[in-house]
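Listed below, chain by chain, are the residues.
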Amino acid sequence: MNSMDTAMDQYIVSASSSARDLAPIVVCIHDLLGRLPVTARSRDHPGVRVEDGKVVDEAYTGPILEEVLAENVTLRVRPPRGPYKGIPVVVAPVRDEEGSAIGAIGIVDVTGIFDLAGFMEQNTVIRRQVCGEDPCPLPTESPAAKR
C-alpha cells in the first residue's frame with residue numbers, strides 16, 4: 001500500500017468553523033475537565049455551549065468569548081452578563097499559524113471561585129479579633145495542651 005492509497009484522518013478548526021465543527025472538540029474538553037461547562041466559538045460564527053454531557057446551545061456566544069477574539073488574549077474574569085454572569089471563567093484564544101485569534105474556548109474556572117489572597121486576609125483579621133496581637137495559640141502551647 002502506498003501513500004496514495006492511505007487516507008489520512010484529520011480535523012481542521014478555522015476562523016469559519018461552525019458550531020457543529022467545534023462540538024466534538026468542546027465535548028472532549030468538557031469530559032476531560034470532569035464535565036465543567038465549556039463554551040467555544042470561531043471568529044466568524046457563533047459556537048457551542050456544553051453542560052452536563054451535552055450540547056445545550058448551538059448558537060452560543062458570550063461577552064468574554066467575543067472580548068478574547070477581539071483582543072487575542074487569555075482572560076480570567078467574571079462575565080457581566082449571560083448564563084455565566086458573575087461566575088469565574090477562563091477563556092483563551094485559538095490561534096492560527098500567524099498568531100491571530102481564529103476562535104476562543106472558555107471554561108468555568110473552579111480555581112477562581114476560591115480567592116486565596118482574600119481568604120488569607122480575612123483569616124488574619126479574624127485571628128486578630130480572637131487572639132489580639134499575640135500569636136494564637138502561643139508558640140509554647142501545643143494543640144494537645146488545649147484539650
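Residues numbered from 1 in each chain as written. Predicted model: local features only at pLDDT ≥ 70, side-chain atom pairs only at ≥ 80, totals over all residues. Heavy atoms only, no water.

**Q** Could you clarify how one ought to interpret the overall build of the chain in this entry?
**A** When helices and strands are counted, the chain shows 3 helices and 6 strands. Taken from the N to the C terminus, the helices and strands of the chain come in the order α-β-β-β-α-β-β-β-α. In the chain, which comprises 147 residues, the share counted as buried stands at 27%. Of the roughly 10,000 Å² of accessible surface on the chain, 55% is carried by carbon and sulfur atoms. (Helix = DSSP H or I, 4+ residues; strand = E, 2+ residues; numbered from the N terminus. Buried < 20%, exposed > 50% of the residue type's maximum accessible area, 1.4 Å probe, protein only. Areas by Shrake-Rupley, 256 points an atom, 1.4 Å probe, with all protein chains shown as cover.)

**Q** Would you take a moment to explain the pattern of salt bridges for this structure?
**A** A side chain with one charge can pair with a side chain of the opposite charge if their charged atoms come near. Summed over the entire model, instances satisfying the criterion amount to 4 salt bridges. Here arginine 35 ties to aspartate 31 by a salt bridge, and the two come within 3.8 Å at their closest N and O atoms. We classify aspartate 31 as partly exposed; its relative accessible area is 43%. Here aspartate 44 and arginine 43 are joined by a salt bridge, their closest N and O atoms 2.9 Å apart. According to the relative accessible area criterion, aspartate 44 is partly exposed, its value standing at 40%. (Salt bridge = Lys/Arg side-chain N within 4 Å of Asp/Glu carboxyl O.)

**Q** Looking at this structure, how should I read the pairing of strand 3 (residues 54-60)?
**A** Regular strands have side chains that alternate between both faces of the sheet. Looking at chain direction, strand 2 (residues 47-51) and strand 3 are connected through 4 bridges and run antiparallel. Bridging from a neighbouring strand, valine 50 pairs with valine 55 of strand 3. Counting the residues in the hairpin turn of strand 2 and strand 3 gives 2 residues, including aspartate 52, whose phi is positive at 50°. (Pairing = 2+ DSSP bridges.)

**Q** Looking at this structure, I do not really get the nonpolar core. What am I missing?
**A** Generally speaking, soluble globular proteins have nonpolar side chains that are buried together. The biggest cluster of nonpolar side chains holds 12 residues, and these are Tyr60, Ile64, Leu65, Val68, Leu69, Leu75, Tyr84, Val89, Val91, Ala101, Ala104 and Val108. For this core, the secondary structure elements donating two or more residues are helix 2 (63-71), strand 5 (89-95) and strand 6 (101-108). Here the element with the most residues in this core is helix 2; it accounts for 4 residues. In this view, alanine 104 contacts Thr39, Ala40, Arg41, Leu65, Val68, Leu69, Val91, Ala92, Pro93 and Val94; residues no more than four positions away in its chain are not counted. Within the second largest apolar cluster, 8 residues are counted, among which are Ala19, Ala23, Val26 and Val48. (Core = buried A, V, L, I, M, F, W, Y, C linked by side-chain atoms within 4.5 Å. Contact = heavy atoms within 4.5 Å.)

**Q** What is the right way to look at the confidence of the model for the chain in this model?
**A** Detailed reading of the predicted model is not advised wherever pLDDT is low. Taken as a whole, the chain shows an average pLDDT of 84; of its residues, 70% reach a score of 70 or greater. Mean pLDDT across the elements of the chain bottoms out in helix 3 (residues 116-131) (64) and peaks in strand 1 (residues 38-42) (98). (pLDDT = per-residue confidence, 0-100.)

**Q** Just checking my understanding: could you explain the sheet that holds strand 1 for this structure?
**A** Think of a sheet as strands paired side by side through backbone hydrogen bonds, with each pair either parallel or antiparallel. Ordered in space as 3-2-1-6-5-4, the 6 strands form an open sheet in which the pairing is antiparallel. Of all strands in the sheet, those with a lone pairing partner are strand 3 and strand 4 (75-77), marking the two edges. Taking each pair of neighbouring strands and ignoring which way they run, the sheet shows an average axis angle of 15°. Set on the sheet, helix 1 (residues 19-32) makes contact with strand 1, strand 2, strand 3 and strand 6; between it and strand 2 the angle comes to about 30°. Set on the sheet, helix 2 makes contact with strand 1, strand 3, strand 4, strand 5 and strand 6; between it and strand 6 the angle comes to about 145°. (Axes fitted to C-alpha atoms, helices over the stretch in contact; angles between N-to-C directions.)

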